Amino acid sequence: MELKEVLRFADEKVFSKTGKHLDDLQEAILKETLQGRKYATKIAQDRNCSEGYVRVAASELWKILSDVFGEDVTKVNVRAILERAKFYNSPSAILSNHVTFNNVNVCQERARSPTEPQNPQQTSKQLHIDLGDSPEIFTFFDRTSELSTLENWITHDRTRLIALLGISGIGKTTLSLSLIDRIKTQFDYVIYRSLGFSPTLDATLTNLLQIFSQQSEIPQNIETKIGQILDYLRKNRCLIVLDDVQMLLGSGQLAGQYKTGYEDYQLFFKLIAEVCHQSCLILNSWEKPREIARLSKDHHPVRCFVLGSLGEAAKEILNSQKLSDEETWETLIDIYQGNSLWLEFTATLIQELFGGRVSEFLQCEMPILDEGLQSQLSQPFGRLTQPELAVMVHLANQPEPVAVSQIFNKIPFSPSEIVNAVRSLGNRFLLDTQEQEQITLFSLNSVVKQYVKTQSS
Ligand SMILES: Nc1ncnc2c1ncn2[C@@H]1O[C@H](COP(=O)(O)OP(=O)(O)O)[C@@H](O)[C@H]1O
Ligand SMILES: [Mg+2]
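Let me begin by describing the structure that accompanies this report. The model shown is predicted, which means the values in this text are computed figures rather than measured ones.

Thresholds applied
- Residues numbered from 1 in each chain as written.
- Chains lettered and ligands numbered in written order.
- Predicted model: local features only at pLDDT ≥ 70, side-chain atom pairs only at ≥ 80, totals over all residues.
- Heavy atoms only, no water.
- Axes fitted to C-alpha atoms, helices over the stretch in contact; angles between N-to-C directions.
- Helix = DSSP H or I, 4+ residues; strand = E, 2+ residues; numbered from the N terminus.
- Parallel < 35°, antiparallel > 145°, perpendicular 65-115°, else oblique.
- Contact = heavy atoms within 4.5 Å.
- Nonpolar A, V, L, I, M, F, W, Y, C, P; charged D, E, K, R; others polar.
- Near = heavy atom within 4 Å.
- Polar contact = N/O pair within 3.5 Å; in protein donor to acceptor, adjacent residues only side chain to side chain.
- Areas by Shrake-Rupley, 256 points an atom, 1.4 Å probe, with all protein chains shown as cover.
- Buried < 20%, exposed > 50% of the residue type's maximum accessible area, 1.4 Å probe, protein only.

**Comments concerning the packing of helix α18 (residues 371–381) against helix α21 (residues 446–456)**
Move 1: Running from amino to carboxyl end, α18 crosses α21 at an angle of 80 degrees, the nearest separation of the two axes being 11 Å. When the axis of α18 is compared with that of α21, the two are roughly perpendicular. Across the interface between the two elements, Leu373, Gln374, Leu377, Ser378 and Phe381 of α18 pack against Val447, Val448, Tyr451, Val452 and Gln455 of α21.
Move 2: Residue classes in the contact of α18 with α21 are distributed as 7 nonpolar, 3 polar and no charged.

**A few points about the site of ligand 1**
Move 1: What surrounds ligand 1 is a group of 15 residues, the closest being Phe141, Gly169, Lys172, Thr173 and Thr174.
Move 2: Within the backbone of Ile170, an N or O atom sits 3.4 Å from an oxygen atom of ligand 1.
Move 3: Take Glu344: an N or O atom from its side chain is 2.9 Å from an oxygen atom of ligand 1.
Move 4: In isolation ligand 1 exposes 550 Å². Once the protein is present, 82% of that is buried.
Move 5: For the shell around ligand 1, the elements supplying multiple residues, two or more each, are α9 (172–183) and α16 (340–354).
Move 6: Counted by class, the shell around ligand 1 contains 5 nonpolar, 7 polar and 3 charged residues.

**Regarding helix α19 (residues 386–396)**
Move 1: Most of α19 is tucked away, with 8 of its 11 residues classed as buried.
Move 2: By the burial criterion, the buried members of α19 are Pro387, Glu388, Ala390, Val391, Met392, His394, Leu395 and Ala396.
Move 3: Against the buried residues of α19 lie α18, α20 (415–427), β9 (439–443) and α21.

That is the geometry; function is a separate question.
Following this line, the structure appears as structure tokens:
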């Protein structure tokens, strides 16, 4: 969305609520922030005033915007909130037939608006959004560079298949929904589906065809279904997010292998990557599906994006949970790897048992693993093979990162079994890797290490 448009929209909303337009300074702060820049120094220099003065004005501006938009606006989430509000405020987007909302959680009331036809007659180039039962996103912090990389892959590089990967709780679902919100107007169809209940490929294809074809009859034969889907992907620009793809993958075998009865997904994803069309499929998973690794190395328009720490923006999570001792927040974020969900669990614990005081909590032997956090980790752990488990236990007891060869002879498995286990653990995002003097070293982050120690003691 154009910067100018967003600024104008913010100004209009502020004016309609307060009767005052944004002044020059407020507009400059907003403009710099929306472009992801650090505003204080530059604006202070441009205007010959102190940085402190600019910061006070900024904090006043976030208060005004919070009041106008009815949610906590900060420099980190302002862009997402304005863009979302702008989209849902646009009468042409909501009430005309140019957008068909079907089960859009973000805006239930509007989706059920009586002025909107129940089954609008579709023309070929409407925007159809069906987000199924996607979670509603209340707050979204930062991820500016991740969003622009993904947007660039999709709009500029025309990537056909993207695997959005990373350990559970890191923010894949939230990021993909925010991405949808950001780029949806470039598509004819935008679809989000979770595969959390492990639907068969046949069920998923039928579901997609129901969205594409509305009333027309769905064929019985799975090959015809695939053919029809590819045809829709060719004729329309579609963005499809399939979340929780790890639920199609099996347990007790090396990472990325499909469960019995789900192997045909592999062929479907391969076709999406190889066949020529104008759409994009995003697969979210906490385990890398096997074919993705191979396809992304060939020349197919396939990419992997491994999502990491939320970084500095994780402070907003701690802030929203009203924790104190801000000077210690960075330590807390580091210990919990900037994982949004781990931090949410821990923040709740700190609030309940330590009155929100982070420094008091940090005096405990770190890291403390909240029960919810343990249960999250138990999912990938429940899938490990014996060699993988042995590697994890070995690594949990190493004070320093080690090379693969240093694990040989330390556990009762052959070098091949150990090498495959290490690679598989990497594909489950359970290992930290670093390069040192031409050697790759592996270790466990503090939370995973603690979890393994608890489980193996
Ligand atoms: N960028 C973000 N801003 C605010 N909250 C976030 C962000 N990313 C993740 N979260 C929160 O962290 C939790 C886990 O995120 P989620 O997207 O479900 O992770 P994943 O899909 O990787 O398991 C959710 O409660 C979500 O609201
Ligand atoms: Mg998720």
